[in-house]
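# Tertiary structure, described
Listed below are the residues making up each chain.
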Amino acid sequence: MPPVKGVELEVTEGITEHSSRVALKGVFQNFGDVVACWVPPIDRRHVDRASVRFGNAASAEAAKASCDAGQVFLQGLPVKVDFRMGGGRRVGNSDLGESGNKNDEGKARAIMDDSANNGGGGGGGGGSMEGWPVPPVPGELLALAWESDRWRRRSEEEGVRVSEWESFSAHAREVFARHGLEARPWHG
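Given the structure is predicted, the values throughout are model-derived calculations rather than measurements. (Residues numbered from 1 in each chain as written. Predicted model: local features only at pLDDT ≥ 70, side-chain atom pairs only at ≥ 80, totals over all residues. Heavy atoms only, no water.)

Attention shifts here to the nonpolar core. Judged by nonpolar contacts, the single largest core of 21 residues is most densely connected at Leu9, Leu24, Phe28, Val52, Phe54, Val79 and Val81. Going through the elements one at a time, β1 (8-13), α1 (21-28), β2 (34-38), β3 (51-54), α2 (57-68) and β6 (80-83) are the ones with two or more residues in this core. When sequence neighbours within four positions are dropped, the list of residues in contact with Leu24 reads Val11, Ile15, Cys37, Trp38, Val39, Ala50, Ser51, Val52 and Leu74. Trp151, Phe168, Ala172 and Val175 belong to the second largest nonpolar core, which has 7 residues in total. (Core = buried A, V, L, I, M, F, W, Y, C linked by side-chain atoms within 4.5 Å. Buried < 20%, exposed > 50% of the residue type's maximum accessible area, 1.4 Å probe, protein only. Helix = DSSP H or I, 4+ residues; strand = E, 2+ residues; numbered from the N terminus. Contact = heavy atoms within 4.5 Å.)

Another point: the pattern of salt bridges. Enumeration according to the criterion identifies 8 salt bridges in this entry. For Arg49, the salt bridge identified is with Glu10, shortest N-O distance 3.5 Å. Of this pair, Arg49 sits in the loop between β2 and β3 while Glu10 sits in strand β1, and the two are 39 residues apart along the sequence. For Glu10, a relative accessible area of 19% puts it in the buried group. (Salt bridge = Lys/Arg side-chain N within 4 Å of Asp/Glu carboxyl O.)

Dropping the structure here:
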């Protein structure tokens, strides 16, 4: 029996330890409405596959065709996909913002996804806001977001010296400046 085409693609190639859900979603939003996007934790990427769920089958088919033609890249690497077969949820999957243990991270993702789908913020790689096209997030800024998360986790688990934070902050300001963004202190 031939595989049934659906709305969800499983990424078979192109995901690295630097890949993020936001970057993956940004790439695939070019083909249509992405309603869910999942990237496995770094320590599970050799076992589990990332996935992207579209709002309709036509968008999924267009994305698959472009990947098959070698036209889709994530952070410089070609992306290969297959239609996702089988059912059931994956451990840790935040399908449509729901998480297996109802933690705050899953709720935050749902809010970000809802905001992005309704014209608000939420990051990602494109879309529109009140009729204005929103350009894709540059890869360097996505990498900075990943680095920031890594530094935050490191500070929670191991501790980070003030000089290390200072150095990373200077790096972040340089990256922002290259993209025309200025970081200013907030005086609430």
